[in-house]
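Single-letter residue listing:
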Amino acid sequence: MNVHESEKIAGGLANLGFQPVDSREDADIIVFNTCCIRDSAEKKIHGHIGELKNYKKNNSDLIVAIVGCMTQQSGATESLKEKYPFIDIILGTANVHLIADKISEIINAQSSKRLKIYENVSPTLALHETQPPLRNSYPNAWINIMYGCDNHCTYCIVPYVRGGERSRDPDSILNEASALLADGYKEITLLGQNVNSYSHSGWNFARLLSTIAELPYKFRLRFMTSHPKDFSSEIIDVIFAKHNICKCIHLPVQAGSNSILKAMNRRYTRESYFDTIQKIRSRLVSCAITTDIMVGFPGETDDDFNDTLDLVQRVRFSNAFTFVYSPRKGTPAAQMVQLPASLKRERIMKLIEVQNQIVKEISDSYLGNTYEVLVDGVSGEILTGKTETGRVVNFIGAKELLGEFVNVHIDKCKASALGGHIDC
Ligand code: SAH
Ligand code: SF4
């Protein structure tokens, strides 16, 4: 989601006549689009901002902007201003689309003293649709179908920094998708914190998905993120009915223990999660299912953690993003008694070990078969692409195949990617 938001920021700067450069040394404007979902992301961004002090010393015209979710936390703007007085612009998640206007204001300011702009508005105010993105992920194009979240999982800062759920008008989504496909994009990924609860003027997610899938082009359709409590049979039916909706579903489970799921306010149980997986697999036989899982949530006992391992072994996720829980200020879980870091580390290592073995076994099952791959990267004579199930495949081919669908026979299987050759 942040990647696409950065494309929108780049779009605003391109409108002003600026172009992307490869290194910070060559930049006239540096914008950090921040994330504060986890402590690790926040720490990383502080390191990057700190480094800019020297860049500013060498180039006093350099404009530094810090935008996005981190600036939206209570007290964050004040503390950023104090810690890094060289920052020129701070904008929150709801007014980040004004970045180009703010940069113009600074450039055009008559005063000999550099104008500073620190503005933060309520995260529920904007839909960000006004920003034409400078897309950087051909042949895939991201489309936001909604913003914010109403779920209030007890560990999560998103509803506080991005506001409540707002769905976009289906007409504007369809127009955006049609224009992208007419421009030659071959894959559309619909984005939202919980796409399953999309709702606008009588349209639900199943209807939106089905209508986009019917656009008259050859393309793949993906979506993320789904919430297990809202993943309906109707959505499974639509995926089954439309050959171009990828049989690849990201369904974050977070934990395998009912008491932890309850404490997280996820509003499903391990049994209902298994039930959803069973429904998906009985209808969409070769469907890949991926997930997000957290360890070390407050109160997680050995038994709770073993329930998570057990769930992972039973479901056999094609891929899992694994996280160590980190308390986020202002969320209910941050007030609970925290587990020691050493225990969290031990658990994440164990979880990764179990999941890696599953990924290896699933990858091995691709060997000797041929898959349709959409080519999305070129490096010399090596092409990279993805199967419908989201597996990365490397193979030799002509660079003109970027954005094309090709059949690739898989003959190698490494930890990070499959290898193969074009099957004529
Ligand atoms: N809307 C999506 C998730 C968005 S955040 C959903 O409901 O699944 C992406 C992932 O970050 C989450 O799935 C969760 O696994 C992780 N995450 C969120 N808050 C976290 C925290 N405080 N500590 C560690 N991981 C967290
Ligand atoms: Fe955060 Fe939960 Fe909303 Fe996902 S569904 S963004 S985890 S509050």
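Calculation rules
Residues numbered from 1 in each chain as written. Chains lettered and ligands numbered in written order. Predicted model: local features only at pLDDT ≥ 70, side-chain atom pairs only at ≥ 80, totals over all residues. Heavy atoms only, no water. Salt bridge = Lys/Arg side-chain N within 4 Å of Asp/Glu carboxyl O. Helix = DSSP H or I, 4+ residues; strand = E, 2+ residues; numbered from the N terminus. Domains from an automatic or database assignment. Contact = heavy atoms within 4.5 Å. Buried area = accessible area lost by both parts, 1.4 Å probe. Polar contact = N/O pair within 3.5 Å; in protein donor to acceptor, adjacent residues only side chain to side chain. Near = heavy atom within 4 Å. Areas by Shrake-Rupley, 256 points an atom, 1.4 Å probe, with all protein chains shown as cover. Nonpolar A, V, L, I, M, F, W, Y, C, P; charged D, E, K, R; others polar. Disulfide = S-S within 2.5 Å. Buried < 20%, exposed > 50% of the residue type's maximum accessible area, 1.4 Å probe, protein only. Core = buried A, V, L, I, M, F, W, Y, C linked by side-chain atoms within 4.5 Å. Pairing = 2+ DSSP bridges. Axes fitted to C-alpha atoms, helices over the stretch in contact; angles between N-to-C directions.

Peer 1: How should I be thinking about the pattern of salt bridges in this particular structure?
Peer 2: Two side chains carrying opposite charge are able to pair once their charged atoms lie near each other. Applying the stated rule across the entire model yields 27 salt bridges. Put simply, aspartate 88 and lysine 116 hold a salt bridge, and the shortest N to O gap is 3.5 Å. With aspartate 88 in the loop between helix H3 (76-83) and strand S3 (89-91) and lysine 116 in the loop between helix H4 (99-108) and strand S4 (117-119), this residue pair connects regions lying 28 residues apart in the sequence. The salt bridge involving lysine 386 is made with aspartate 376; its shortest N-O contact spans 2.7 Å.

Peer 1: Just to check I follow, could you spell out the domain arrangement of the chain for this structure?
Peer 2: The figure often quoted for interface size is the accessible area lost as the parts come together. As assigned here, the chain comprises domain 1 (2-119), domain 2 (140-364) and domain 3 (370-422). For domain 1 and domain 2, the distance between their C-alpha centres works out to 30 Å. The interface is formed by 16 residues belonging to domain 1 together with 13 residues belonging to domain 2. Interface area, domain 1 with domain 2, both sides summed: about 1300 Å², of which 50% is carbon and sulfur. Where domain 1 meets domain 2, there are three salt bridges. Across the salt bridge formed by arginine 328 and aspartate 39, the nearest N and O atoms sit 3.4 Å from each other. Viewed at the interface, domain 2 and domain 1 are joined by 10 residue pairs in polar contact (both at pLDDT 80 or more). Contributing elements (two or more residues each) for the side of domain 1 that touches domain 2: helix H1 (2-15) and helix H2 (39-58).

Peer 1: Help me understand the site of ligand 1, please; the structure alone is not making it clear to me.
Peer 2: The local shell around ligand 1 holds 15 residues, among which Arg38, Gln193, Gln254, Asp292 and Ser326 are the closest. Here an oxygen atom of ligand 1 sits 2.6 Å away from a polar atom, N or O, in the side chain of aspartate 292. Within the backbone of serine 326, a nitrogen or oxygen atom sits 2.8 Å from a nitrogen atom of ligand 1. Protein coverage of the free-state accessible area of ligand 1, which is 540 Å², stands at 92%. Across the shell around ligand 1, the residue classes break down as seven nonpolar, four polar and four charged.

Peer 1: Got a minute to help me understand the state of the cysteines in this structure?
Peer 2: Here a disulfide denotes a covalent bond joining the sulfur atom of one cysteine to the sulfur atom of another. Overall, the coordinates contain zero disulfides when judged by the stated rule. The structure places no disulfide on cysteine 35, whose sulfur is separated from the nearest cysteine sulfur, that of cysteine 69, by 4.8 Å. On the accessibility criterion, cysteine 35 (23% relative accessible area) is partly exposed.

Peer 1: Help me understand the nonpolar core, please; the structure alone is not making it clear to me.
Peer 2: Burial of nonpolar side chains together is a common tendency in soluble globular proteins. Ranked by size, the top nonpolar core spans 79 residues in total, and within it Leu190, Leu209 and Ile212 carry the most contacts. Ranked by residues supplied to this core, first place goes to helix H7 (residues 205-213) with six residues. Built from parts of two domains, this core gets at least three residues from each of domain 2 (140-364) and domain 3 (370-422). Apart from residues no more than four positions distant in its own chain, leucine 190 is found in contact with Ile143, Ile145, Val195, Phe205, Leu209, Ile212, Leu221, Arg222, Phe223 and Met224. Judged by nonpolar contacts, the second largest core, of 19 residues, contains Leu62, Phe86, Ile157 and Val161.

Peer 1: What should I look at first to understand the site of ligand 2 in this one?
Peer 2: Residues in contact with ligand 2, as listed here, are Cys149, Asn151, His152, Cys153, Tyr155, Cys156, Val158, Pro159, Gln193, His227 and Arg266. When grouped by side-chain class, the residues that make up the shell around ligand 2 number six nonpolar, four polar and one charged.

Peer 1: Is there a simple way to think about the side chain of glutamate 187 in this case?
Peer 2: Along the chain, glutamate 187 falls in strand S8 (residues 187-191). In this structure, glutamate 187 is in contact with Pro139, Asn140, Ala141, Phe219, Arg220, Arg222 and Leu374, ignoring residues within four places of it in sequence.

Peer 1: What is the right way to look at unusual backbone geometry in this model?
Peer 2: Peptide bonds are mostly trans, and most non-glycine residues show a negative phi. The peptide bond linking tyrosine 138 to proline 139 adopts the cis configuration, its omega dihedral lying at 10°. Assignment of secondary structure puts proline 139 in the loop between S4 and strand S5 (140-144). Along the chain, methionine 224 connects to threonine 225 via a cis peptide bond; the corresponding omega equals 10°. Mapped onto the fold, threonine 225 is located in the loop between strand S11 (220-224) and helix H8 (233-241). Positive phi, close to 40°, is recorded for serine 201, a residue that is not glycine. In this structure, glutamine 254 takes a positive phi of about 70° despite not being glycine. Its place among the elements puts glutamine 254 in the loop between strand S12 (248-250) and helix H9 (258-263).

Peer 1: Is there a simple way to explain the sheet that holds strand S17 (residues 392-396) in this structure?
Peer 2: Remark on secondary structure: sheet strands pair via backbone hydrogen bonds, oriented parallel or antiparallel. Judged by pairing direction, the barrel is mixed, and its five strands sit side by side in the order S15-S16-S17-S19-S18 before closing back on the first. Pairwise comparison of adjacent strand axes, ignoring direction, gives a mean angle of 50° for this sheet. Of the strand pairs in this sheet, strand S15 (residues 370-379) and strand S18 (residues 405-413) are connected by five bridges, and their pairing is antiparallel. Considered in S18, the bridge of valine 373 is made with valine 406.

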